[in-house]
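Tertiary structure, described
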Amino acid sequence: MKIAGVSFSASENSMNYRGLELMDKVINFSSIQAASLPLCNSNKPDGVVPASIMDFWSKIQEADICVFSVPECTGHYSAAFKNAMDWFVVKGYFNATLGKNYPFSNKPVFVYTFTPSVNTDVGGRHFKMTKHLLEKMGADIRSMVVKNDFIQII
C-alpha cells in the first residue's frame, strides 16, 4: 500500500514537513513532499500546468492513502495549501468532472497540523473549511488531528 505525505507549508524547515518525517518512521511513506509550487496564475480550463505540478500531482495520484500536513495560518489553511488546490483545479479542467478528477479523489485523506503552541484552541481552526474544500474535490476525509506543543521537532 502506498501512502503519500504532503506538507502544505511554504516555510523553510517547516514543522509540518518535519512532523511528516517523524511519522515516516512508523508509517513508511511511499513519498513525502513539500508543496513548494509556483504561484497559480492560470485561469484557463485547458488542463495545462507546469511540469512541477504534474510531478506533484503524480506522486499523490500514485498513492492509495494521503496524509496532508496543513498548517494553520491566522485561523485558516495555509496559502501553500490553497495554491496547490488551485493548481489541481486548473489541471482538472476547472472541475469539469465535479470533484472526481483530482489526485486524491475517492481516496482516504488524513489531515494533520503540527504546531508548537501549547494552546489547544489553535491549530485546527482551519479544519472546517479544509474539510469542506477537500470533500468538494472528492477526498474521503478520515480524520483531522492537531499535534500541539510539538516543540521537540524544532
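Quick caveat: nothing in here was measured; it's all calculated off a predicted structure.

Here we look at the nonpolar core
Formed by 30 residues in total, the largest nonpolar core has its most connected members in F8, M85, F104 and L134. The element best represented in this core is helix α3 (residues 79-91), accounting for 6 residues. Apart from the residues lying within four places of it in its own chain, the contact partners of M85 are F8, F104, L133, L134 and M137. Membership of the second largest hydrophobic core comes to 9 residues, among which are M15, F29, I65 and F114.

Some words on the sheet that holds strand β7 (residues 140-147)
Taken in spatial order, the 5 strands line up as β2-β1-β3-β6-β7 in an open sheet, and their pairing is parallel. Whereas interior strands pair on both sides, the edge strands pair on one side only; in this sheet they are β2 (31-34) and β7. The mean angle between the axes of side-by-side strands here comes to 15 degrees, regardless of whether they run parallel or antiparallel. Here strand β1 (residues 3-7) pairs with β2 via 4 bridges, running parallel. Across the sheet, the residue bridging to V6 is Q33, located in β2. Packing of helix α1 (residues 15-27) onto the sheet brings it into contact with β1, β2, β3 (65-69) and β6 (108-114), and relative to β6 it is tilted by some 125 degrees. Relative to β2, helix α2 (residues 51-61) is tilted by about 145 degrees, and along the sheet it contacts β1, β2 and β3.

Section: the packing of aromatic side chains
A full pass over the atoms with the stated rule returns 10 aromatic pairs. Arranged with centres 6.3 Å apart and planes meeting at 90 degrees, the rings of F8 and F56 form a pair that is edge-to-face. Of the two residues, F8 is situated in the loop between β1 and α1 and F56 in helix α2; the sequence distance between them amounts to 48 residues. Judged on exposure class, the residue F8 and its partner F56 are both buried. Considering the side-chain rings of F8 and F68, the 5.1 Å spacing of their centres and the 85 degrees angle between planes classify their relative orientation as edge-to-face.

A closer look at the pairing of β6
Among the 7 residues in β6, 6 count as buried, and that is most of the element. By the bridge criterion, 4 bridges tie β3 to β6 in an arrangement that is parallel. Bridge pairing in β6 links V67 to F110. As defined by bridge partners, β6 adjoins β7 across 7 bridges and the pair is classed as parallel. When the sheet's bridge partners are listed, V109 is paired in β7 with I141. In this region the chain leaves β6, passes through helix α4 (residues 127-136) and returns to the parallel neighbour β7; the handedness of that crossover is right-handed.

About the thresholds
- Residues numbered from 1 in each chain as written.
- Predicted model: local features only at pLDDT ≥ 70, side-chain atom pairs only at ≥ 80, totals over all residues.
- Heavy atoms only, no water.
- Core = buried A, V, L, I, M, F, W, Y, C linked by side-chain atoms within 4.5 Å.
- Buried < 20%, exposed > 50% of the residue type's maximum accessible area, 1.4 Å probe, protein only.
- Helix = DSSP H or I, 4+ residues; strand = E, 2+ residues; numbered from the N terminus.
- Contact = heavy atoms within 4.5 Å.
- Pairing = 2+ DSSP bridges.
- Axes fitted to C-alpha atoms, helices over the stretch in contact; angles between N-to-C directions.
- Phe/Tyr/Trp six-rings, centres within 6.5 Å; stacked < 30°, edge-to-face > 60°.
- Right-handed = clockwise from strand over helix to strand, strands pointing away.

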